[in-house]
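One-letter residues, chain by chain:
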Amino acid sequence: MPTDNPLRTNDQHLSWDWFDQRGPTLKKWLSTGLDCTVRWHEPSAEHVTFRAGGPIGALCFPTNESALVRLVQMVVELDLVVLMLGRGSNTLIRDGGFPGVIIKMTENMAGLTIRQNEVSVLAGTSLHALAHATASAGLEGLEWSSDIPGTLGGGLFMNAGLNECSLSHAILQVTSLDPRTGSSLTYERAQCDFGYRHSRFQASPEIILSAVFMLREAGPAGLIERMNEIARTRQAKYPLEFPNAGSIFKRPPGHYAGALIEQAGLKGKCRGQAMVSPKHANFIVNTGQATATDIEDLIEEIQAIIWKRNAVRLQPEIRIFGIRARN
Ligand SMILES: Cc1cc2nc3c(=O)[nH]c(=O)nc-3n(C[C@H](O)[C@H](O)[C@H](O)COP(=O)(O)OP(=O)(O)OC[C@H]3O[C@@H](n4cnc5c(N)ncnc54)[C@H](O)[C@@H]3O)c2cc1C
């Protein structure tokens, strides 16, 4: 399971004692007029699409880049663990919670500008809004992403994609903030180390701030029809009636995770109220009150069965953070 966070150096400080000792100082510093809303001990279930998981020490919503930079400085100075969050559509926080700071970038840091074929986008912008704005402007290259329920930041971190398309294909530049130095860096596409559900940001503490795409001109009507067609197909194929986090496992080389899981007879298999979707075997759904432990245990059980049956190691696509039980 990936347990990394943007400031990996202090991973050992992921404990409630550590957070509770430093929380009051953070609260004092944050009350000095920073453009940032904070929710203390916020249930993560309200911020991830699985609708499960434990509390977040401090969930912060900076409203501009300078507030973000200042917030990151405070977190670094207090040696707190920090994690970025977009719409939480690929994230799960364990039931013991995340005793650190989570910086949420959605509407609070969103927006886009279109200049001819170039589109500049802030990290908190939803992929849905981005796809619709560009298609309506007669620009092709992102319409396939209109139904992916994430943000640009989470999408670039994951290099989100559909079939043969991925965000990396249309990227010109990505700008990030290095929390260690407080400076921003701009990367050309070739420097982003994009691959299948992979980017350089997965091995770096950087925070994605914005990106520039270069798109092709095309008729808006055709692009909008394509988006509608994709939405209809996904509606029929995916178990969207239950909370979920999209595909649980990455595609293993030479196989499809969903096919392996289905052939192993695991559709409908439950752990607590987490279930392998009977509609699509690479989805786990929360049928009601599933805990993060139910979901993680089910993931591990599927991995063990597929390893034994097919000698294939399924790698989770979703990212799991935090601690299992309160310490
Ligand atoms: C119903 C459903 C369908 C889906 N379909 C697809 C699909 O077709 N294709 C696909 O690729 N994915 C799909 N997903 C998964 C998910 O939507 C994508 O991975 C999406 O891009 C994640 O965006 P997010 O904002 O929700 O990221 P989050 O889950 O919030 O974060 C994901 C990761 O990115 C990091 N991160 C977030 N923002 C930043 C930032 N600004 N800087 C640095 N790191 C950051 C987080 O720390 C975390 O590790 C689907 C999910 C669901 C629920």
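Residues numbered from 1 in each chain as written. Predicted model: local features only at pLDDT ≥ 70, side-chain atom pairs only at ≥ 80, totals over all residues. Heavy atoms only, no water.

(A) Spatial organisation of the packing of aromatic side chains. This model, assessed by the stated rule, comprises 4 aromatic pairs. Between the aromatic rings of Y187 and F201, the centroid separation amounts to 6.1 Å while the plane-to-plane angle is 70 degrees, which identifies the pairing as edge-to-face. Taken together, the residues span a long stretch of sequence, with Y187 in strand β12 (residues 183–188) and F201 in the loop between β12 and β13 (207–214) at a distance of 14 residues. The burial state of Y187 is the same as that of F201; both residues are buried. Among the aromatic residues, those joined into a ring-pair cluster are W16, F19 and W40. If you follow K27 out to its NZ or CZ, it ends over the ring of W40, 4.9 Å from the centre. (Phe/Tyr/Trp six-rings, centres within 6.5 Å; stacked < 30°, edge-to-face > 60°. Helix = DSSP H or I, 4+ residues; strand = E, 2+ residues; numbered from the N terminus. Buried < 20%, exposed > 50% of the residue type's maximum accessible area, 1.4 Å probe, protein only. Lys NZ or Arg CZ within 6 Å of the ring centre and 35° of its normal.)

(B) Structural context of the sheet that holds strand β5 (residues 98–104). Strand order in the open sheet formed by 4 strands is β1-β2-β5-β3, and the pairing between neighbours is mixed. Two strands in the sheet have a free side with no partner beyond their single neighbour: β1 (36–43) and β3 (82–85). The average angle at which neighbouring strand axes cross in this sheet is 25 degrees, direction not considered. Its contacts with the sheet place helix α1 (residues 16–30) against β1, β2 (55–62) and β5, and it is angled at close to 155 degrees to β1. (Pairing = 2+ DSSP bridges. Axes fitted to C-alpha atoms, helices over the stretch in contact; angles between N-to-C directions. Contact = heavy atoms within 4.5 Å.)

(C) Representation of the pattern of salt bridges in the model. With the rule as written, the count across this model stands at 18 salt bridges. R87 is the salt-bridge partner of E107, the closest N and O atoms lying 2.8 Å from each other. Linking E107 in the loop between β5 and β6 (112–115) with R87 in the loop between β3 and β4 (91–93), this pair joins segments that are 20 residues apart in sequence. Owing to a relative accessible area of 57%, E107 belongs among the exposed residues under this scheme. With a shortest N-O distance of 3.8 Å, E241 and K279 are connected by a salt bridge. (Salt bridge = Lys/Arg side-chain N within 4 Å of Asp/Glu carboxyl O.)

(D) Highlighting the site of the ligand. Around the ligand, 34 residues are found, and the nearest of them are M84, G86, S89, T151 and G161. Contacts to the ligand include G155, whose backbone N or O atom sits 3.3 Å from an oxygen atom. Summarising the interface, the protein chains cover 96% of the accessible area of the ligand, which totals 980 Å² for the free molecule. Going through the elements one at a time, β3, α4 (152–158), β9 (161–162), β13 and β18 (319–321) are the ones with two or more residues in the shell around the ligand. Of the residues forming the shell around the ligand, the biggest block, 5 residues, is contributed by α4. Looking at the shell around the ligand residue by residue, the class counts come to 14 nonpolar, 14 polar and 6 charged. (Near = heavy atom within 4 Å. Polar contact = N/O pair within 3.5 Å; in protein donor to acceptor, adjacent residues only side chain to side chain. Areas by Shrake-Rupley, 256 points an atom, 1.4 Å probe, with all protein chains shown as cover. Nonpolar A, V, L, I, M, F, W, Y, C, P; charged D, E, K, R; others polar.)

(E) Representation of the environment of I306 within the structure. Considering the arrangement of structural elements, one finds I306 in helix α7 (residues 292–310). Between the alpha carbons of I306 and L260 there is a distance of 7.1 Å; along the sequence they are 46 residues apart. Beyond its immediate chain neighbours, meaning those up to four positions away, I306 contacts L260, I261, A264, A311, V312 and L314.

(F) Representation of the packing of helix α3 (residues 127–136) against helix α5 (residues 220–237). In the contact formed by α3 and α5, the axes pass within 8 Å of each other and the chain directions differ by 150 degrees. Relative to α5, the element α3 is oriented roughly antiparallel. Along the contact surface, α3 presents A131, H132, A135 and S136, while α5 presents P220, L223, I224 and M227. The class makeup of the residues in the contact of α3 with α5 is 6 nonpolar, 2 polar and no charged. (Parallel < 35°, antiparallel > 145°, perpendicular 65-115°, else oblique.)

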